[in-house]
Amino acid sequence: MRKTTTKNSWLIDRRTCLKGLGAALALPLLESMGWAETPAKGAAAWKPPVRLGFMYMPHGVIMDRFWPKDAEAFRGAPLPPIIASLAPVRDRCLMVKGISGIPIAPFNGGPHALELSTWLTATLPDADRRASIHIGISADQIAANYVGGMTALPSLELATMPQTHKENQEGLNENYYSHCSYRSPTQPVPAEVNPGAVFRRLFQGRDQGPAKNADAQNLSTDAALDRSLLDLVLGGAKDLRGRLGRADQQKIDEYLDGVRALERRIASIERRQRDGDQAGDARRRDGDSPLIEVAIPDGDVKGRSPEASQFVRRSGDGETEIKRSEYMQVMCDLTVLAFQADITRVSTYIGSTPNGASYPELGFSDQHHSQTHYGTDQVKIDKVAKINTLNVEQFAYMVQKMANLKEGAGTLLDNSIMMWGSGLENGDKHERNNLPFVIAGKGGGTVNTGRFITNVKGNQGDLLGTLLTAAGIPLDRPIGIGTKVITEMLVG
Amino acid sequence: MSRPLTVSRVLVGTFLAGLTSTLVLQASDAAPGVPTTQAQAQEIFTKQVKPFLETYCSDCHGEKKSKGEFTYRYAIKYAGSPAFRQLWNHAAASVKAEDMPPEKEKKKPTAVERTMFSDWVAGMKYLSPKDPGQFVIRRLSKIEYGNTLRDLFGVDPRAAAILPDEVFGAGYSNSLSPLLMEQYLLVANSVLDQVFAKAGQPPTAVEQRIFTARPGNGVDERAAAQKIANDLARRAYRRPVSAAELQVLLSAFDLGKKHGRDFRESVRLVVKAVLVSPQFIFITPVSDDEPKPGVVALDDHQLAARLSYFLWATMPDAELMALADQGRLRDPTVLAAQTRRLLSDTRSRALFDGFGAQWLGIDKLAGKTFDPDKFPEMTPSLRQSMYDEARLLFDSIVREDRSVRTFVEADYTFADAKLGALFYGMKIDGEGMQRVKLTNANRGGILTMPGVLATTSFPNRTSPVNRGVWVLEHVLGEHVPPAPANVPALEKQDQSKVATLTLRQRTELHRTDPVCNNCHKILDPIGFGLENFDAIGRWRERDESGGAVDASGELPGKQRFSTPQELKRIIVARLDDLCHNLTGRMLAYALCRQLEGYDEIVVDGLVSNIAKDGHRMQNLVVAVVTSYPFMNRRIGDLPGAGNEKNDNKK
């Protein structure tokens, strides 16, 4: 790992960076270190930042309809049905077979509680404290700790199912079912499920992206007041912290962390408002594509249970369920928009949680999980394959959109690393020897795409460490069970 | 909530245990049985369990080895620690099922030794030191936060709707993320916009209530602001406000003045500061001292908040606060009276929405998929009525202080016109849900309630197995292990051979396999006993195949039944198990954590008290509220609790 970090010697030391992130005045500091958030237009040395995105589907795949026959088949032949939608961008995709998941003993009875929570952590929960959250910081949050200070949002977490599933496997905390991002070993990061709320968050409550200059002045004063107010409250919280026991102090630390992130965000909004550049136009060069337009359906996710994850659109005289694929695509669009406008550089997107969505548009209403213990049942196998295909299609939709957006010398996809995958090899036997996943994007020229590497020996932690390395994130320790960088995946 | 009480990883059905206990005793007269005191558990541990482990297990799972990633190396040092409960249960299950030691080992324990070991594990709760559990300051849940805003500012609790939905109760994640913090600020802004009238408009009623002082008549602005801040923060923080805390709020006022805001706008900043403070977002203790590790009693205000959020999912009202101020709330008589008062208030509906619905699993009904061709009736509005039926039954048992057995054998229910026509063959006049007397004893109670029956079904048919599991887990509190992976579903059976069989006959086919039969001999009869109810809970005489429903069955112990009514009678005979299950789940919900170790002894004690007075529901809730873990908290680790292992790791 160390070796790859020295390659990027222009990066500031991580510790310095983390220290900087804690302070409200972090941004000028970063600017002084050459991390200007807003580079001079047309500055030659400036390279678009690398974006890192993860998209999840539970329960694994029908393996023989997912993996190409061999390396040659990936390049030339029609792709297997589940990944056929990636054909137009196959030269910018990378498939790697042979990545094993973390062995889940002693939680053998909890495959679904762990498939999502170990996916980006490559770490098992602490068995002795399993009823609360004790796992590892996830790869996306490691990245967010490093690059998150450069953007208005350190990271974006999306889902299309509420994270409220209650089922107890092996005594594990129920939140392990529905969370993939962990800001610290004890802090699951919630995801947003409502596209409207996501959009408002990206553009701070405004219907249109860019702020109107007319009220920018007022907003800016309010923002400055908010920041001072939070500073006061922060001081009070520190005082409270001193009067509490150790475990309570950890909770206050989470609060302090949240307030600091909020202050940083307000500072970033203030500056954009001051520059009249809320959509990050200054960061895009003349040749770059304009920001994509996203049609946000007005409505909400209906039902009290997570399985009721259909989005219901409100219109003049009533409510209509939109297709699951349509709902999933809006979240894809929002990810692309957030990346394009450089509002964040790190995202996770839980396409569905392991309790299983249903996909009526495929012609059957069964929940995903109910079909995955298929044995040799062809009907179920076909249904699962259809669900797999639909999920990869949404990912393909997202990365193709990115491939069509010009940025710098290439496209947004060229400057990104997008991973689609599952935490189980297959849902029938819960195996984890060959995790299914696809990488799309060149990571600014670090990822060696257009290939299918058929026989890598590595694990989930190695994979995550490799992707972060490719994204220029220096690591001071392996991720979870990882031990190495998988150099075959990288250029040079 | 689904399994707060870890009884065992294997199905230790009391049906089964009841049947076999005499046999076991005869066969194992050398085994000491389940220990019932700490001394006994300790003695058996030293004299028998340790040598047992040394003889049969240490080669693979002892001090140096952890084959299969399993070692008792740490557990043996802290045998009574709740941290290792799962580990011992796992070990006992493997030993009991003769999975361990493996076939190839020469040294194998005798049946007597195996029984000794699993009995000891069953009784090891008695090794747990007296411990109320660690109580970490708790963030308000989304629901609680919305309700608290309503009570403080008269706003619609949906002001909190932008917060992410979350698991609540025992599996609740007490953590805070930057996203949440951002949303708290957004919510604060929208609340302020509702509370403070726009410039030029007359002040809102809430605004007038907030301004408990005005400058003038010798009162300067800052003094008025101080009174306002103190009065508001006292309610919002649910406890007296310290001088330092008040100072922070006054600084917010000063900040406004410094930026040229007028008195009113500066007070607005104070309110905002309150709303984003950790003292509002978390329930925090009042103490001014740095706490020392150990067990302490909850202070009166913390107790008031815990009680109020448990039963109402909102902040304490004036009466509770006044009792806390007077230091009287910890008086058991006062606390019990307050519990009953809160239960009889309509706000206690929160107890069903937060707890009851999860207990029954009926919170899943709204989002459950049903085949629209087969069950076009399952509209959102019907589902809502089905949910309300369960809610009103629960409420009636609570408010009328009925026996817990009413949950199984109620002779009344609640129905509107739709429910009446579809499920009860009754014509119900008037608007909305009404209480109705049931004459058909096959109906009534949670076992045969449409909402519950529908919750356990597949989209297109009933699942007798799911219904059996539901009764065992949700009603009787047993743990049913998941089916081994790769079990063929019914649909996989040779269709030509089973086409003429009823679902029951088809399900019974799998019981010829002894591996399956072990659990299914208990699960299936219960499910079959409910086969007269279709997948959404309507009465039927014939199932989908057209064959007549055979709802008769026999449970271990030669307990025969032939109708749902008779099945209910068998279930209600296990009233203590029902009561134990309900009490345990409710305690876990009240504490916002899973139960472990010493909690199990607490529940045993509560249940025996509840039983003495007719299993009355309000007594049950009072017992939970006045229990040791509810009224006390542990700060830091207990010495020797087994967590040293983790601390050394860091």
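Look a little higher up for the structure.
Residues numbered from 1 in each chain as written. Chains lettered and ligands numbered in written order. Predicted model: local features only at pLDDT ≥ 70, side-chain atom pairs only at ≥ 80, totals over all residues.

## Section: the overall build of chain A
- Each helix and strand counted, chain A has 13 helices and 16 strands in total.
- When the 492 residues of chain A are sorted by exposure, 60% land in the buried category.
- The long-range share in chain A, meaning contacts at least 24 apart out of those at least 6 apart in sequence, stands at 73%. (Helix = DSSP H or I, 4+ residues; strand = E, 2+ residues; numbered from the N terminus. Buried ≥ 20, exposed ≤ 12 C-beta atoms within 10 Å, placed from the backbone. Contact = placed C-beta atoms within 7 Å.)

## Comments concerning the interface of chain A and chain B
- On the chain B side, the residues contacting the 70 residues of chain A number 69 residues.
- Listing elements by their share of the side of chain A that touches chain B, those giving two or more residues are β6 (187-188), α8 (213-242) and α9 (246-274) of chain A.
- Considering only residue class, the side of chain A that touches chain B consists of 26 nonpolar, 23 polar and 21 charged. (Nonpolar A, V, L, I, M, F, W, Y, C, P; charged D, E, K, R; others polar.)

## Some words on the pairing of strand β8 (residues 311-315) of chain A
All names here are of chain A.
- Bridge count between strand β7 (residues 299-301) and β8: 3 bridges; the pairing is antiparallel. Looking at the pairing, glycine 299 lines up with arginine 313 of β8.
- Two strands pair when backbone bridges link them, and β8 and strand β9 (residues 318-321) are joined in this way by 4 bridges, in the antiparallel orientation. Residue serine 315 lies in a different strand from β9, and its bridge partner there is glycine 318.
- Count of turn residues in the β8/β9 antiparallel hairpin: 2 residues. (Pairing = 2+ DSSP bridges.)

## A few points about the nonpolar core
- Core analysis: the biggest nonpolar cluster contains 279 residues, and Ala143, Val233 and Ile417 of chain A together with Val270, Ala273, Val274 and Val624 of chain B have the highest contact counts within it.
- Sequence-distant contacts of alanine 273 of chain B, defined by excluding residues within four places in its chain, comprise Leu229, Leu232 and Val233 of chain A together with Val248, Leu249 and Ala252 of chain B. (Core = buried A, V, L, I, M, F, W, Y, C linked by C-beta atoms within 7 Å.)

## Quick look at the sheet that holds β9 of chain A
Residue and element names in this part refer to chain A.
- Read across the sheet, 3 strands follow the order β7-β8-β9 without closing on themselves; strand pairing throughout is antiparallel. With partners counted over all chains shown, the strands left at the sheet margins are β7 and β9, one partner each. Across the sheet, the axes of successive neighbouring strands diverge by a mean angle of 25°, strand direction being ignored. (Axes fitted to C-alpha atoms, helices over the stretch in contact; angles between N-to-C directions.)

## Remarks on the environment of proline 125 of chain A
Residue and element names in this part refer to chain A.
- As for its position among the elements, proline 125 is in the loop between α5 (111-115) and α6 (139-147).
- Along the primary structure proline 125 and valine 259 are separated by 134 residues, whereas in three dimensions their C-alpha atoms are 27 Å apart.
- The residues touching proline 125, leaving out its near neighbours within four places in the chain, are Arg130, His134, Ile135, Leu172 and Tyr176.

## A short note on the sheet that holds strand β10 (residues 346-350) of chain A
Residues and elements named next belong to chain A.
- Strand order in the open sheet formed by 7 strands is β4-β10-β1-β13-β14-β2-β15, with mixed pairing between adjacent strands. Both edges of this open sheet fall to β4 (156-159) and β15 (451-453), since each of them pairs with a single strand only. The sheet shows a mean angle of 15° between the axes of neighbouring strands, taken without regard to direction.
- Relative to strand β13 (residues 416-421), strand β1 (residues 51-56) runs parallel, the two being bridged by 6 bridges. Across the sheet, the residue bridging to leucine 52 is isoleucine 417, located in β13.
- Running at roughly 175° to β13, helix α12 (residues 378-403) makes contact with β1, β13 and β14 (437-440) of the sheet.

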